[in-house]
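# Fold and geometry: a report
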Amino acid sequence: MKRFKQLVNEKWLQRIDVPEDLSTCIGIDVEGEKQASDIPNSSELQHRIWQKVEMLFCSGMYPTIAFCLRFQGKIILNRSLGYANNCPGLPDSSGDPIIATPNTPICLFSASKVITAVLIHMFVEQGKIDLQSPIGDYLPLYPQSDNHPTVLQLLSHQAGIPKWPLGESKSEIFNYDYMVKLAHSLEAQWTAGEQVGYHALTSGYLLGEILRQVSGKDLPLLLHEMLSKPLNMDYLSYGLHDSQASSAARNYFTGLPVLPPFSTILNPALGMAVEEIIPISNQPEFLKSTIPAGNVFSTAEEINRLFQMLLDGGSWQGVQILKPETLEFAIKEQNSMAMDYVLKMPMRYSAGFMLGENPISIFGPMTRQAFGHLGFTNNLCWADQQRQTSVSILTTGKPVLGPHIPKFISLLAELSRIRVP
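As a convention, each chain's residues are numbered from 1 in the sequence order in which they are written. The model is predicted, so local features are restricted to residues of pLDDT at least 70 and side-chain atom pairs to those at 80 or more, both for listing and for counting; the totals for chains, interfaces and linings are taken over all residues. Hydrogens are left out, water is left out, and the side-chain values use all remaining heavy atoms of the structure.

### Re the side chain of T64
Which entries qualify depends on this criterion: Only DSSP runs of H or I covering at least 4 residues are called helices, and only runs of E covering at least 2 are called strands; the numbering of each starts at the N terminus. Polar contacts, as counted here, are pairs of nitrogen or oxygen atoms within 3.5 Å of one another; within protein the pair requires one atom able to donate a hydrogen and one able to accept it, and residues that are adjacent in sequence qualify only if both atoms are side-chain atoms. Contacts between residues were defined by any pair of non-hydrogen atoms, one from each residue, lying within 4.5 Å.
In this structure, T64 sits in strand β2 (residues 64-71). Here Y83 takes part through its backbone oxygen, which lies 2.5 Å from a polar atom of the side chain of T64. In this structure, T64 is in contact with L81, G82, Y83, A84, A100, I106, L394, T395 and T396, ignoring residues within four places of it in sequence.

### Quick word on the pairing of strand β15 (residues 370-375)
Put simply, the test is: Relative accessible area decides the class of each residue, using a 1.4 Å probe on protein chains only: under 20% of the type maximum gives buried, over 50% gives exposed, and in between gives partly exposed. At least two DSSP bridges between two strands are needed for those strands to be called paired.
Within β15, five of the six residues are buried, which leaves it mostly tucked inside the rest of the structure. Of the pairings in the sheet, the one linking strand β12 (residues 354-355) to β15 comprises two bridges and is antiparallel in character. Within β15, the residue paired with M354 across the bridge is G372. Relative to strand β16 (residues 379-384), β15 runs antiparallel, the two sharing six bridges. What sits directly across from L374, in β16, is L380. Hairpin connection, β15 to β16: the antiparallel pair is bridged by three residues.

### Focus on the pairing of strand β17 (residues 389-395)
In terms of burial, β17 is a largely internal element, seven of the seven residues being buried. What you see with β17 is no split at all: T389, V391, I393 and T395 on one side and S390, S392 and L394 on the other are buried throughout. Sheet topology note: the β2/β17 ladder contains seven bridges and is antiparallel. Directly across from F67, in β17, lies its bridge partner I393. The turn linking β16 back onto β17 is made up of four residues, and Q388 within it adopts a positive phi angle of 55°.

What follows is the structure, encoded as structure tokens:
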């Protein structure tokens, strides 16, 4: 067994060279973390959570981990650990390592869906979108058929069109108009509303096009005006401006090769193999394109700020971004915990969010009051109403299988131990 583990590590496990002294690659938002100085036992909480983050980094699966935790609205931790580029130990790195900082923008991948969903809810609030209306009411070119999903069914992964034709989107992934047209032509896997199945990319393009049709504006401008500017954010955007692109963290494939049954589950939903997504996400064109379900960039603190706004009833520093009743519906359960047709695991969704559950969910143990989203493969952002926490874990290593799994679970369990006094 020992020899077998050694063989796996040497031949198949792709991992970074973890430095002996982690302090050489840690970035700390010292001023931000001072916010929590008046919270009882904040130092102890800070220590035990960060210890778990360091243990996760030492698994060797993550060139960068950016982590932000707010408790009762105040920053407990806002730190980065690792390398934004040229990560030691990985084959596609060259040049001197570039240390990540808390201000390094990282792609959210599927956690981008939350941003698109929030924009949809803002237009619902304005009376310009009706969630119960068929999407064809907003998309003139959407084909008339028996399967005519509503906007709500798109948001809650019940629209019946979860799968991309394998390989067809590779050469056109940066062409927004082409991808929207492709999303219009997808064959239904089930009648809308009959069951639940994760729509990795499809719903994003259709929801994004609804936003463009209703607003008359391209999505990057719309996001800037409606969320990034009111929340005073530097990066939160579909893609990045040319002046910001060089600071973005590079993504790396790590862990073990993705083989069946995992590849047979993930590849059809993504439209390509997991390993193929990584080089695409590092191309300059990816940073300039608009992928509503997959290429919002943010720092850990900025996406955490958005979730804190949601946790605070849609308000941020005296500005009401969303009405409390709009937010209440946005995080309302749309299906009880059920087997996801695509992911082959139990999931609970709202109108745009993945929801937690008891006794366990993707957000950790006893997290029924949590709402957020997972992003390819180990990005996780959420707010927990019970614990009064908002959490963001952004990573640039993209393992599916590897030694990180028990350590990730341990970090989530530690976060679940947080209690409101």
